[in-house]
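Structural overview for review
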Amino acid sequence: MKSYTLLDLASVIRSKNSGPYELTFDVIFKTFEDYHLFKDAKPLTAESFAKLYAIDPSDVLQVIYFDPAKAVKVTIKRPIPSGALGEVDVYGAQQHAPLMHFTFDA
């Protein structure tokens, strides 16, 4: 077995507002081989994501794999709204940084 980080395998890792009370994380892999290595290892679950971000697993709304796009999407609840007129983005663009260093063995 070898250890990998998402940063080793992904070409894009980002976070974005997906609604006033939701935040989505997208990971797009460099190759289909990298994507399937990650997907088949099944390291990213609601529980592992919640641990990484120190949130309750029930706050992870979805972990969805998109085979044609070689991507995975994770959507979580956010306790503070963001994205509506007059509100500021309290999470910021660097919210994806912990995910970049997510480590798994395959």
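First things first, this report covers the structure right here in the doc.

What follows is about the packing of aromatic side chains. According to the stated counting rule, one finds 10 aromatic pairs in the structure shown. For the ring pair Phe25 and Tyr53, a centre distance of 5.2 Å and an interplane angle of 45 degrees mean the geometry is tilted. One end of the pair, Phe25, is in strand E3 (residues 22-29); the other, Tyr53, is in helix H3 (residues 46-53), with 28 residues separating them in the sequence. For the pair Phe25 and Tyr53, a shared accessibility class is recorded, and that class is buried. Summarising the aromatic geometry, the rings of Phe38 and Phe104 are spaced 5.0 Å apart at their centres and angled 85 degrees between planes, so their arrangement reads as edge-to-face. Placement of the pair is Phe38 in helix H2 (residues 32-41) and Phe104 in strand E6 (residues 103-105), with a sequence separation of 66 residues. We classify Phe104 as buried; its relative accessible area is 4%. An aromatic cluster is defined as three or more aromatic residues linked by ring pairs; in this entry it consists of Tyr4, Phe29, Tyr35, Phe38, Tyr65, Phe102 and Phe104.

Turning to the pattern of salt bridges, a few remarks are in order. Under the defined criterion, the tally for this structure stands at 3 salt bridges. The partner of Arg14 in a salt bridge is Asp26, with the nearest N and O atoms 3.1 Å apart. Residue Arg14 is located in strand E2 (residues 10-19), and its partner Asp26 is located in strand E3; the two are separated by 12 residues in the primary sequence. Taking the shortest distance from any N to any O, the salt bridge between Asp67 and Lys39 comes out at 2.8 Å. In this pair, Asp67 is assigned in the loop between strand E4 (60-66) and strand E5 (71-77) and Lys39 in helix H2, connecting sequence segments 28 residues apart. Residue classification places Asp67 among the partly exposed residues on the basis of a relative accessible area of 33%. Three or more residues joined by partner-sharing salt bridges are found here, namely Arg14, Lys16 and Asp26.

The next thing to look at is H3. Within H3, the full set of buried residues consists of Ser48, Phe49, Ala50 and Tyr53. Looking at the buried positions of H3, the neighbouring elements they touch are E3, E4, E5 and helix H4 (97-100).

The rules behind the values
- Residues numbered from 1 in each chain as written.
- Predicted model: local features only at pLDDT ≥ 70, side-chain atom pairs only at ≥ 80, totals over all residues.
- Heavy atoms only, no water.
- Phe/Tyr/Trp six-rings, centres within 6.5 Å; stacked < 30°, edge-to-face > 60°.
- Helix = DSSP H or I, 4+ residues; strand = E, 2+ residues; numbered from the N terminus.
- Buried < 20%, exposed > 50% of the residue type's maximum accessible area, 1.4 Å probe, protein only.
- Salt bridge = Lys/Arg side-chain N within 4 Å of Asp/Glu carboxyl O.
- Contact = heavy atoms within 4.5 Å.

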